[in-house]
Amino acid sequence: MEPFQGFEGSYLGNREVLQAGSRLECKICWWVYDPALGDPQWQIPPGTPFADLPPHWRCPNCDCEPDQFLVV
């Protein structure tokens, strides 16, 4: 794997660099996706890593795209 390029917290939309337990925060509204909790609004079950979210998933609070989230 190539060394990570970008600022700390950014994953640049490359889900391959995310660990299964990574928590990510929306850079617009600061809502945090925690894989241990999932996302009830989008019917994402607990235990679902951010990297496995469906392509149509968005921030349930502000509708931000997933590639705009930052690693906590």
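Preceding block: the structure.
Engineer: How should I be thinking about the nonpolar core in this particular structure?
Structural biologist: If you look at soluble globular proteins, the nonpolar side chains tend to sit buried side by side. Counting 12 residues, the largest nonpolar core consists of Y11, L18, L24, C26, Y33, I44, F50, L53, W57, C59, C64 and F69. Setting aside chain neighbours within four positions, we find C26 in contact with W31, C59, C62, C64 and F69.

Engineer: Where do I start with the environment of P49 in this structure?
Structural biologist: The residue P49 is located in the loop between β2 (32-33) and β3 (69-71) in this model. Each C-alpha atom, one on P49 and one on D34, is 8.1 Å from the other, the two residues being 15 residues apart in sequence. Look past the residues within four positions of P49 in its chain and what remains in contact with it is A20, Y33 and P35.

Engineer: Hey, could you run me through the sheet that holds β2 in this one?
Structural biologist: Sheets are built from strands that pair by backbone hydrogen bonding, the pairs being arranged parallel or antiparallel. Taken in spatial order, the three strands line up as β2-β1-β3 in an open sheet, and their pairing is antiparallel. Each edge of the open sheet is held by one strand with a lone partner, namely β2 and β3. In terms of strand pairing, strand β1 (residues 24-26) meets β3 through three bridges, oriented antiparallel. The residue bridging C26 from the neighbouring strand is F69, located in β3.

Engineer: Mind showing me how you'd approach the state of the cysteines here?
Structural biologist: By definition, a disulfide links the sulfur atoms of two cysteine residues through a covalent bond. If you walk through the whole model with that rule in mind, you get zero disulfides. Take C26: it sits in no disulfide, and the sulfur closest to it among the cysteines is that of C62, at 3.6 Å. In this structure C26 comes out as buried when scored by relative accessible area, which is 0%. C59 takes part in no disulfide bond, and the closest cysteine sulfur to it belongs to C29, at a distance of 3.6 Å. The buried category is assigned to C59, whose relative accessible area is 2%.

Engineer: Looking at this model, I keep getting lost on the side chain of S22. Mind explaining?
Structural biologist: Its place among the elements puts S22 in the segment before β1. Assessed through its relative accessible area of 12%, S22 is described here as buried. With sequence-adjacent residues up to four places away left out, S22 is seen in contact with Y33 and P35.

Rules of the game
- Residues numbered from 1 in each chain as written.
- Predicted model: local features only at pLDDT ≥ 70, side-chain atom pairs only at ≥ 80, totals over all residues.
- Heavy atoms only, no water.
- Core = buried A, V, L, I, M, F, W, Y, C linked by side-chain atoms within 4.5 Å.
- Buried < 20%, exposed > 50% of the residue type's maximum accessible area, 1.4 Å probe, protein only.
- Contact = heavy atoms within 4.5 Å.
- Helix = DSSP H or I, 4+ residues; strand = E, 2+ residues; numbered from the N terminus.
- Pairing = 2+ DSSP bridges.
- Disulfide = S-S within 2.5 Å.

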